[in-house]
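Working through the structure, step by step
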Amino acid sequence: MDETKHFVGIDVSKAALDVHVLPVGKSQRFPNDGDGHVALAEWLSSYPVERVVLEATGGYERKAVQALQQQGYHVCVVNPARPRDFAKAGSRLAKTDRLDAAVLAHYAQVFDPPSAPRPGEAEAKLARYASARDSFVAEKTRLRNQPASMTMLIWSACTGTYWRR
């Protein structure tokens, strides 16, 4: 087996993972779900991967990162501005998912960003609880703001007049 180090860039979206491997230059698209993560790990197993780089996408990357870390890959999650500036410096101005994955793979080849921390089970559970709490607080705020507008709507319907501020 060839011992050349391979670098992987993954462009993450809600529905899909666009993957690019350097130096072989192969690209592939996988669904961003459990089956896609398994297929991705299987596909990558044929390469001696040195580093995998993904952009932080507000949470869409979390499960893919976990799946890759469980397979033993060195996974780095980077601020999206850094690879974008890297691409601009190389005069790569086009922006598609496939090209972004290639830029991320090249970024992984040139730089050595820090690895994503592996959260323990307790930390992952806490993060899920914090996310659920944020959702509940937003819903509570929405419901608290609703009665004032509902009162005016009901008043206008009952009296046949429209309340204007």
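The structure reproduced in this document is the subject of the present report. The structure displayed is predicted, hence computed values, not measured ones.

The rules behind these values
- Residues numbered from 1 in each chain as written.
- Predicted model: local features only at pLDDT ≥ 70, side-chain atom pairs only at ≥ 80, totals over all residues.
- Heavy atoms only, no water.
- Helix = DSSP H or I, 4+ residues; strand = E, 2+ residues; numbered from the N terminus.
- Buried < 20%, exposed > 50% of the residue type's maximum accessible area, 1.4 Å probe, protein only.
- Phe/Tyr/Trp six-rings, centres within 6.5 Å; stacked < 30°, edge-to-face > 60°.
- Pairing = 2+ DSSP bridges.
- Axes fitted to C-alpha atoms, helices over the stretch in contact; angles between N-to-C directions.
- Core = buried A, V, L, I, M, F, W, Y, C linked by side-chain atoms within 4.5 Å.
- Contact = heavy atoms within 4.5 Å.
- Right-handed = clockwise from strand over helix to strand, strands pointing away.

Quick look at the overall build of the protein
On a plain count of helices and strands, the protein comes out with five helices and five strands. Along its sequence from the N terminus, the protein presents helices and strands in the succession β-β-β-α-β-α-β-α-α-α. For the protein, buried positions account for 33% of its 165 residues.

Quick look at the packing of aromatic side chains
The tally for this structure, following the rule as stated, stands at five aromatic pairs. On the numbers, 5.7 Å between centres and 55 degrees between planes, the contact of Phe30 with Trp43 is tilted. Here Phe30 is found in strand 3 (residues 26-31), whereas its partner Trp43 is found in helix 1 (residues 34-44), with 13 residues between them in sequence. For Phe30, a relative accessible area of 7% translates into the label buried. Seen from their ring centres, Tyr107 and Phe111 are 4.9 Å apart, and the 45 degrees between their planes marks the pair as tilted. A residue is classified by how much of its surface remains accessible, and Tyr107, at 7% relative accessible area, is buried.

Considering the sheet that holds strand 1 (residues 6-12)
Read across the open sheet, the five strands follow the order 3-2-1-4-5; overall the sheet is mixed. Each edge of the open sheet carries a strand with a single partner, namely strand 3 and strand 5 (75-78). Looking at each pair of strands side by side, their axes are set apart by 20 degrees on average, direction ignored. Both strand 1 and strand 4 (residues 49-55) contribute to a ladder of five bridges, which runs parallel. Among the inter-strand pairings, Gly9 is bridged to a residue of strand 4, identified as Val53.

Describing the nonpolar core
Core analysis: the biggest nonpolar cluster contains 20 residues, and Ile10, Val19, Leu44 and Val52 have the highest contact counts within it. Only strand 1, strand 2 (16-22), helix 1, strand 4 and helix 2 (62-70) provide two or more residues apiece to this core. Leave out the neighbours within four places in its chain, and Ile10 touches Leu17, Asp18, Val19, Leu40, Val52, Val53, Leu54, Glu55, Leu68 and Leu104. One finds Phe7, Val78, Tyr107 and Ala108 within the second-largest nonpolar core, a separate group that totals 10 residues.

What about the pairing of strand 5?
Taken together, the four bridges between strand 4 and strand 5 define a ladder with parallel strand orientation. Residue pairing across strands places Glu55 opposite Val78, the latter belonging to strand 5. Once the chain exits strand 4 it traverses helix 2 before rejoining the sheet at strand 5, and the crossover so formed is right-handed.

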